[in-house]
Amino acid sequence: MISSTIRIALRARPLQLLRRVPMRASRMISHLAASRYPINRLESNNARDDSALMESENVKPGHAVISTFDLFSIGVGPSSSHTVGPMRAGKIFIADLLELGLLEKVKTVKIVLYGSLAATGKGHHTPQAILLGLEGSDPETIDTGTIPSRYEAILGNKTLHLGGKRSIHFDMDRDMLWRWDQVLKTHPNGMRFSCFGEEGELLATNEYYSVGGGFVVNEKTKVDENLFYKGVDKRAVHGARLHQTHNVAEGDQTPAQPAANDPGHPPYPFESGDSLLALTRKHNLTIAQIVHDNERYFGLSEADIHDKLMRIWAVMDDCIRMGVSTAETTLPGRLGLRRRAPMLYKRLMRGFYPGIASPDLQLIGSASSASMGAIDAPESQTSLNKEGSAQERGEVSASGKMSRAPWVTGSFDHAILPMPPRKTMIPAVDFLSCYAIAVNEVNASGGRIVTSPTNGAAGIIPAVLKYVLEFISDDPEKSVKTFLLTASAVGMLFKRGSTISAAEGGCQAEVGVACSMASAGFAACMGASPETVLQAAEIGIEHNLGLTCDPIDGLVQVPCIERNSLGAVKAVTAAQLSMASTGVYRVTLDEAIEAMRLTAADMSVKYKETSLSGLATTVKIPLTVPAC
């Protein structure tokens, strides 16, 4: 496990920004904390014996395994890298000040945002996230309804309550600096926190990098994540996670050594798709089973894993329900973008498409009675639908007037006659799109969300999983566990082999990765072999390579929301294609991940969540948004 560090004035080496402050050695906090806690001892409840579950074969450093519950974490919108990560960084900074006994000495705090954080931070709610994190709030537990009012109070009163204990003066214009023209070397999403005492002396400073998916690193972690980032308090983290290392090079400082009976890694470490596939063949396990047993190493019981997965799905499902049932009509921001999920859902639920309400087609929250959670159709639309049916039969309405014929665009005095309006008959796909849009509209409004694996792509996995549960599965709990555990394995491979940060790889790192994960999860729920599951994941990412991130006005709205809808449909299509052509493929998942890494490296910074080109510059604000 790698540490979270904080440099203290008179003890840490100098920063370029603070040349006049003499500093020396840095303090490694989690190394001390790691020695206080026992190493995990895995107890298997399976028929397999412990020796088989805890193989002690030599494993090269650099495996991809992290916890599923790091990839899927509960947070707030609209961005995992620009909202969730900065809020966690702020809370980590305050927690370290408390541990060092410096919080009561703080008079002022200075915040500097760099690169992509500065370029699109305002539209991504970065200032709100950092300030509320410094006040001690956590993305998983914060009341999302209080965020706007708390932020306005900070700006209006110019007062910041550090950790909820220490009140200081804070002037946004003076104390937060936006350096969009400067990028720190570790990652484009960099931020620096510094605090000063009564006499203006520097007390402590640290740099943090939000590397996507809510993960936070600093100078000492660089490549590896603070795997304790969710709890922040290192003393509350299981020993196995503190001792775990992913990328140990010769000469690197390592944490305290684990006990002799602990191999220092999960039972089934994998660093690539090929190695994961080899493990499934060697041990006759599915990908979901491999990930499940690795979670046991992190100190979780069977019941813990079940409860956590069900909790994640419950938040996803609530997010979908909130998105389709909200009374709000527009999303926040200058675009004034209209919400579409409620209208789309009402149309689907009222039987707008023929056959949608058939007994063998389950609707969201459906039961035998139409009154069980269904949303009524608008009266005007219902009457219009009835009139249309009457007109087709040549009937006269109750008012004595003929029903209005549908509007046809085009000339009838032409060799090519215009096509009359038709209603599509693919209700399952329409529900899939509706679910994805619903989640991302909640995300765009700063609501409760599951980072999966990022917020900008948070609609794809919930939409596809909901699709599985509503239209396919006959065992919902089994499907939820299989889907999420399988999807997380693919996400781990992308995190190790490429990136899940749009600031590093564009939208292919968010929507592309989420599409790949969802494809794998869908195929697994359909009973596909591990090889076919990984091929589905490959198809999911291959056709998202090169996707750019150019959000209009820095908001996670256009084109993000629609991309999630298309990503969800593409994920199901990719899985279906892989299952229809088992064993017939030329590109492996590992090759596709490497291609994504190279594409990300070659991509211009203008297309990496900076809003400096593409749609962000060609679309003028304010927009005229067409009706659905």
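The model shown is predicted, which means the values in this text are computed figures rather than measured ones.

Asks: Could you clarify how one ought to interpret the overall build of the protein chain in this entry?
Replies: The helix and strand tally for the protein chain stands at 23 helices and eleven strands. In the protein chain, buried positions account for 54% of the 628 residues. Taking the intrachain contacts of the protein chain between residues at least 6 apart in sequence as the baseline, contacts between residues at least 24 apart amount to 75%. Per element, the accessible surface of the protein chain, about 27,200 Å² overall, is 52% carbon and sulfur.

Asks: When you look at the side chain of Ser-210 in this model, what are you seeing that I'm missing?
Replies: Mapped onto the elements, Ser-210 comes out in strand S9 (residues 202-210). Reaching out from Ser-210, the side chain makes a polar contact with the backbone oxygen of Ser-81 at a distance of 2.6 Å. Contact partners of Ser-210, with chain neighbours within four places excluded, come to Ser-80, Ser-81, Gly-85, Pro-86, His-187, Asn-189, Met-191 and Phe-215.

Asks: What is the right way to look at the environment of Thr-126 in this model?
Replies: Among the secondary structure elements, Thr-126 is positioned in helix H6 (residues 126-134). Judged by its relative accessible area of 0%, Thr-126 falls in the buried class. Ignoring sequence-local partners within four residues, the contact set of Thr-126 consists of His-82, Pro-86, Leu-113, Leu-117 and Gly-121.

Asks: Would you mind showing me how to read helix H12 (residues 302-325) here?
Replies: Because an α-helix completes one turn every 3.6 residues, residues spaced three or four positions apart along the sequence face the same direction. Here H12 spans 34 Å end to end across 24 residues, near enough to the 34 Å set by a 1.5 Å rise per residue. Restricting attention to buried positions, one finds in H12 the residues Ile-305, Leu-309, Met-310, Ile-312, Trp-313, Val-315, Met-316, Asp-317, Cys-319, Ile-320, Gly-323 and Val-324.

Asks: What is the right way to look at empty space enclosed by the protein in this model?
Replies: Empty pockets left among the atoms are what a rolling probe the size of a water molecule brings to light. In the structure shown here, the tally under the stated rule is three cavities of 30 Å³ or more. Considered as a void within the structure, the largest cavity measures approximately 150 Å³ in volume. If you trace the largest cavity, you find 19 residues lining it, with Gly-456, Glu-510, Cys-549, Val-556 and Cys-560 closest to the centre. Elements that contribute at least two residues to the lining of the largest cavity include exactly helix H4 (80-100) and helix H21 (560-580).

Asks: Help me understand the pairing of strand S3 (residues 73-76) in this model?
Replies: On any regular strand, side chains alternate: one points to one face of the sheet, the next to the other face. What you see with S3 is no split at all: Ser-73 and Gly-75 on one side and Ile-74 and Val-76 on the other are buried throughout. With four bridges joining them, S3 and strand S11 (residues 448-451) adopt antiparallel strand pairing. Bridging across to S11, Ser-73 finds its partner in Thr-451.

Asks: Explain the packing of helix H16 (residues 460-471) against helix H17 (residues 476-497) to me, please; I cannot follow it from the model alone.
Replies: Angle between the axes and distance between the axes are the two parameters that describe a pair of packed helices. For the pair H16 and H17, interaxial distance at closest approach is 10 Å and the crossing angle is 150°. As summarised for this structure, H16 and H17 are arranged roughly antiparallel, according to the angle between their axes. As for the relative orientation of H16 and H17, their crossing is right-handed in sense. When H16 is examined against H17, the residues Ile-461, Val-464, Leu-465, Val-468 and Leu-469 are found in contact with a partner set consisting of Pro-476, Ser-479, Val-480, Phe-483 and Leu-484. Class assignment of the residues belonging to the contact of H16 with H17 gives a composition of nine nonpolar, one polar and no charged.

Asks: In this structure, what is going on with the pattern of salt bridges? I would like to understand it.
Replies: Oppositely charged side chains can pair when the atoms bearing their charge come close. Inspection of the entire model under this criterion finds 16 salt bridges. A salt bridge links Asp-175 to Lys-110, with the shortest nitrogen-to-oxygen separation between them at 2.7 Å. Here the residue Asp-175 occupies a position in helix H8 (residues 172-175), and Lys-110 occupies one in strand S4 (residues 108-114), the gap between them amounting to 65 residues. By relative accessible area, which is 28% here, Lys-110 ends up partly exposed. Between Glu-328 and Arg-339 there is a salt bridge, with its nearest N and O atoms 3.1 Å apart.

Asks: Would you take a moment to explain unusual backbone geometry for this structure?
Replies: Leaving glycine out, the prevailing phi sign among residues is negative, and the prevailing peptide bond configuration is trans. For the bond running from Ser-452 to Pro-453, omega is -5°, close enough to zero to count as cis. Phi is positive for Ser-611, which is not a glycine, with a value near 55°. Considering the arrangement of structural elements, one finds Ser-611 in the loop between helix H22 (589-602) and helix H23 (615-618). Residue classification places Ser-611 among the buried positions, given a relative accessible area of 17%.

Asks: Quick question: what am I supposed to make of helix H19 (residues 511-525) here?
Replies: Along its 15 residues, H19 runs 21 Å from first to last C-alpha, staying within 8% of the 21 Å computed at 1.5 Å per residue. Counted residue by residue, H19 has 14 buried out of 15 residues, so it is predominantly covered.

Asks: What am I meant to see in the environment of Val-584 here?
Replies: Here Val-584 lies in the loop between H21 and H22. On a C-alpha basis, the gap between Val-584 and Gln-535 in space is 9.3 Å, while along the polypeptide they are 49 residues apart.

Asks: Mind showing me how you'd approach the nonpolar core here?
Replies: Proteins that are soluble and globular tend to have nonpolar side chains buried together. Of all hydrophobic cores here, the largest spans 106 residues; its most connected members are Phe-72, Phe-270, Val-464, Leu-484 and Phe-494. Ranked by the residues each element gives to this core, the list is headed by helix H15 (residues 427-444), at eleven residues. Grouped together as the second largest cluster of nonpolar side chains are 37 residues, Leu-117, Leu-134, Leu-160 and Leu-162 included.

Asks: Would you explain the state of the cysteines in this entry?
Replies: Linking two cysteines covalently through their sulfur atoms gives a disulfide. The full count for this structure, using the stated rule, is zero disulfides. For Cys-549, which is in no disulfide, the shortest distance to another cysteine sulfur is to Cys-507 and amounts to 5.7 Å. The buried category is assigned to Cys-549, whose relative accessible area is 9%.

Asks: It is not clear to me how the packing of aromatic side chains should be interpreted in this structure. Could you clarify?
Replies: Within a pair of aromatic rings, the relevant descriptors are the distance that separates the centres and the angle that separates the planes. This structure, assessed with the given rule, holds eight aromatic pairs. Residues Tyr-297 and Phe-298 carry aromatic rings whose centres are separated by 5.7 Å and whose planes lie at 65° to one another, so their mutual orientation is edge-to-face. Residue classification places Tyr-297 among the buried positions, given a relative accessible area of 2%. Ring geometry for Tyr-467 versus Phe-522: centroids 6.1 Å apart, planes at 50°, classification tilted. Separated by 55 residues along the polypeptide, Tyr-467 in helix H16 and Phe-522 in helix H19 bring together distant segments of the chain. Per residue, the accessibility class of Tyr-467 equals that of Phe-522, and both read buried.

Asks: In this structure, what is going on with the confidence of the model for the protein chain? I would like to understand it.
Replies: Note: predicted coordinates in regions of low pLDDT should not be interpreted at a detailed level. With 72% of its residues at a pLDDT of 70 or more, the protein chain has an overall mean of 79. A low-confidence stretch, residues 9-61 stays under pLDDT 50, and its non-local contacts, those more than four residues away or across chains, total 115 contacts. Contacts from residues 352-399, a stretch scored under 50 in pLDDT, to residues over four places away or in other chains number 55 contacts.

Here is what the cut-offs are and how they apply
- Residues numbered from 1 in each chain as written.
- Predicted model: local features only at pLDDT ≥ 70, side-chain atom pairs only at ≥ 80, totals over all residues.
- Heavy atoms only, no water.
- Helix = DSSP H or I, 4+ residues; strand = E, 2+ residues; numbered from the N terminus.
- Buried < 20%, exposed > 50% of the residue type's maximum accessible area, 1.4 Å probe, protein only.
- Contact = heavy atoms within 4.5 Å.
- Areas by Shrake-Rupley, 256 points an atom, 1.4 Å probe, with all protein chains shown as cover.
- Polar contact = N/O pair within 3.5 Å; in protein donor to acceptor, adjacent residues only side chain to side chain.
- Expected span 1.5 Å × (residues − 1).
- 1 Å grid on protein atoms, 1.4 Å probe; cavity = no way out; pocket = protein on both sides within 12 Å on 5 of 7 lines; lining within 4 Å.
- Points joined across faces, edges and corners; volume = space filled by probe spheres on them.
- Pairing = 2+ DSSP bridges.
- Axes fitted to C-alpha atoms, helices over the stretch in contact; angles between N-to-C directions.
- Parallel < 35°, antiparallel > 145°, perpendicular 65-115°, else oblique.
- Left-handed = near helix turned anticlockwise from the far one by under 90°.
- Nonpolar A, V, L, I, M, F, W, Y, C, P; charged D, E, K, R; others polar.
- Salt bridge = Lys/Arg side-chain N within 4 Å of Asp/Glu carboxyl O.
- Core = buried A, V, L, I, M, F, W, Y, C linked by side-chain atoms within 4.5 Å.
- Disulfide = S-S within 2.5 Å.
- Phe/Tyr/Trp six-rings, centres within 6.5 Å; stacked < 30°, edge-to-face > 60°.
- pLDDT = per-residue confidence, 0-100.

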